[in-house]
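Coordinate inspection notes
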Amino acid sequence: MQTIPESIPQFESEKKYHYIKTSPIDGEVVCEFYGADENTVSRVCEAAYQEFLNWSKVPPPKRIDLLTSIYNSILNAKEELVDCIQTEVGKIREEAVGEIQEALDIINFCIGLCRTLEGRIFPSERINHFMFEQWHPLGVCGVITAFNFPVAVFSWNAFLAITCGNSVVWKPSELAPKTAYTFMKILKNECEKQGFGNLICAVFGGPETGSFLVENNRTALISATGSVRMGSDVAQKCAKNFKKVILELGGNNAVIVHKDANLDLAVNACFFGIVGTSGQRCTSIRRLILHKDVFEQFMDKMIRKLEGVVIGDPRDPKVMMGPLISDAAALRFEEVVHFIKNCTDSEILYGGKLLDGFPVRNYVQPTLVKVNTPFDLINNETFAPLVYCFEYEDINDAITLNNSVPQGLSSAIFTDSLQVAFTFLGGSDCGLANVNTSTSGAEIGLAFGGEKQTGGGREAGSDSWKNYMRRQSCVVNWGGIFTLSQNINFPS
Ligand code: UN1
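Attention now moves to the nonpolar core. Judged by nonpolar contacts, the single largest core of 153 residues is most densely connected at F159, L288, L368 and Y388. Ignoring anything within four residues of it in the chain, the contact list for L368 reads I274, L288, M299, M302, I303, L306, E347, I348, L349, Y350, V387 and C389.

Quick look at the packing of helix α2 (residues 64-76) against helix α5 (residues 152-163) now. As a packed pair, α2 and α5 sit with axes 11 Å apart at the nearest point and diverge in direction by 155°. On the basis of their axis angle, the class for α2 and α5 is roughly antiparallel. Counting all contacts with α2, which are made through L66, L67, I70 and I74, the residues of α5 involved are F159, I162 and T163. Partitioning the contact of α2 with α5 into residue classes produces six nonpolar, one polar and no charged.

The next point concerns the site of the ligand. Around the ligand sit 13 residues in total, of which R281, C282, T283, G441 and A442 are the nearest. The contact in question runs from an oxygen atom of the ligand to an N or O atom on the side chain of N148, over 3.1 Å. Between the ligand and the protein, one listed contact pairs an oxygen atom with a backbone N or O atom of C282 at 2.8 Å. For the ligand, whose accessible area on its own is 320 Å², the fraction buried by protein is 99%. Tallied by class, residues from the shell around the ligand come to six nonpolar, four polar and three charged. Viewed by domain, the shell around the ligand spans two of them, domain 1 (2-249 + 455-474) and domain 2 (253-435), each represented by three or more residues.

The next point concerns the pairing of strand β9 (residues 200-203). Because side chains alternate across β9, one face comprises the buried residues I200 and A202, and the other comprises C201 and V203, equally buried. Bridge count between strand β2 (residues 7-8) and β9: two bridges; the pairing is antiparallel. In the sheet register, S7 faces β9, and the bridge partner there is V203. Relative to β9, strand β8 (residues 167-171) is paired through three bridges, and the arrangement is parallel.

For the rest of this paragraph, the subject is the sheet that holds strand β15 (residues 367-371). Here seven strands make up an open sheet; going across it, the order is β14-β15-β16-β13-β12-β18-β19 and the pairing mixed. Pairing within the sheet leaves two strands with one partner each, and these edge strands are β14 (346-350) and β19 (432-435). When strand polarity is set aside, the average angle formed by the axes of neighbouring strands in this sheet is 20°. Note that β14 and β15 share four bridges and pair antiparallel. Residue pairing across strands places E347 opposite K370, the latter belonging to β15.

Within the secondary structure, C45 sits in helix α1 (residues 38-55). Apart from the residues lying within four places of it in its own chain, the contact partners of C45 are V140, V169, L213, N216, R218 and T219.

Overall, the coordinates contain 14 aromatic pairs when judged by the stated rule. Summarising the aromatic geometry, the rings of Y19 and F33 are spaced 5.1 Å apart at their centres and angled 15° between planes, so their arrangement reads as stacked. Of the two residues, Y19 sits in strand β3 (residues 18-22) while F33 sits in strand β4 (residues 29-34), which places them 14 residues apart along the sequence. For the pair shown, Y19 and F33 are each scored as buried.

How each quantity is defined
- Residues numbered from 1 in each chain as written.
- Predicted model: local features only at pLDDT ≥ 70, side-chain atom pairs only at ≥ 80, totals over all residues.
- Heavy atoms only, no water.
- Core = buried A, V, L, I, M, F, W, Y, C linked by side-chain atoms within 4.5 Å.
- Buried < 20%, exposed > 50% of the residue type's maximum accessible area, 1.4 Å probe, protein only.
- Contact = heavy atoms within 4.5 Å.
- Axes fitted to C-alpha atoms, helices over the stretch in contact; angles between N-to-C directions.
- Helix = DSSP H or I, 4+ residues; strand = E, 2+ residues; numbered from the N terminus.
- Parallel < 35°, antiparallel > 145°, perpendicular 65-115°, else oblique.
- Nonpolar A, V, L, I, M, F, W, Y, C, P; charged D, E, K, R; others polar.
- Near = heavy atom within 4 Å.
- Polar contact = N/O pair within 3.5 Å; in protein donor to acceptor, adjacent residues only side chain to side chain.
- Areas by Shrake-Rupley, 256 points an atom, 1.4 Å probe, with all protein chains shown as cover.
- Domains from an automatic or database assignment.
- Pairing = 2+ DSSP bridges.
- Phe/Tyr/Trp six-rings, centres within 6.5 Å; stacked < 30°, edge-to-face > 60°.

Written out as structure tokens, the structure is:
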């Protein structure tokens, strides 16, 4: 059995928290590891801090060299990484390859950013004064990631962070340690070659290791992806020390299909939103809000497509949907379906079953539930391909329903009416709002993140880089005469 070290750089820890990672595909053991203890986390953070002092002095355009060599080495290791993601997370090949592409895309973006990290100039009310903003790195950025995008979401954070002159300590999910370790080896090797060996570090382990990272006094920022409960805990711990946070927590994403929508387009897009990554993206569709005139037609088409979904070992090229990540996830799916069937005014239109004939019980059917009377559980995200379906008449009611959950990550509408589309864009309270495309599958070019319980963070494109830097407001008096603002004429 492969044993993964507790940290990179490697330090000896107390062998207290033991983890065995098994594949969601067949339960085979992938690797084992011990969680990094407080002492190890603090030594790793110190090493990252020392490297930050070196790296932050490298002019941003010169950082391109390292980013380019990392880009090339990821490209060379693509097959190895795809293999890890498939075995460890259960993604089909197409999606695992897409995840590596997402990492490469953000590096491309960062390479451009190295020459465009800009500050603004503002007019001063004082004569011969020059006012501008500049941005400085923060220090060590702690990055906590979930199992579902073990490479891409870390990449959004880590590459922006180093582009901005920071160093990084990663606490990957205990459900995807081997992918993280394989990725780290590539990064470490490239960083070492350029003389910045501890620029990107890692600590392996579960929630306890995550807490040590959050509470370590060397981390200046924590970017965390995962559950609302975890995010709330991270936010409270960071608030105590005024540490910066970027949170990307639960989604409860809805798609509205209006009566004038191109239904084939809507069905095709929603199909991926439901089935893709076995419903385990934070952007996956959790709710379908369908106009009453198209409800039946949409459902007929969707159910026909769902009947054709080949579920199984994601390494088989015919398979379209792999397993859920764990037995616990399958159990949760089963409990929710049981509750829906027995305790709610709703009906299962499709699916609802765990599949037999596999070595583990992680394989579930994509499931559509028609909700007649809403119930509390709809407010919680079941991280599985389970979708609550609603009917509406008035577009304003549909938007109200979109906004009625505590989370606010992604939203979408299908319509051919400009008026309806812009009414929706103005009305959705989510961080992401799409017209005629689904809630999942965002490009890296825009800022990614959501509101309310999703945590308010923004990662990836646009000006998200500002979250990894501190702003400095600068005034230079170049005239040789002291002048006060607000017209104050102070007696001297
Ligand atoms: C996530 O699930 O945490 O928009 C990220 C998407 C992907 C990223 C998902 N590009 O579906």
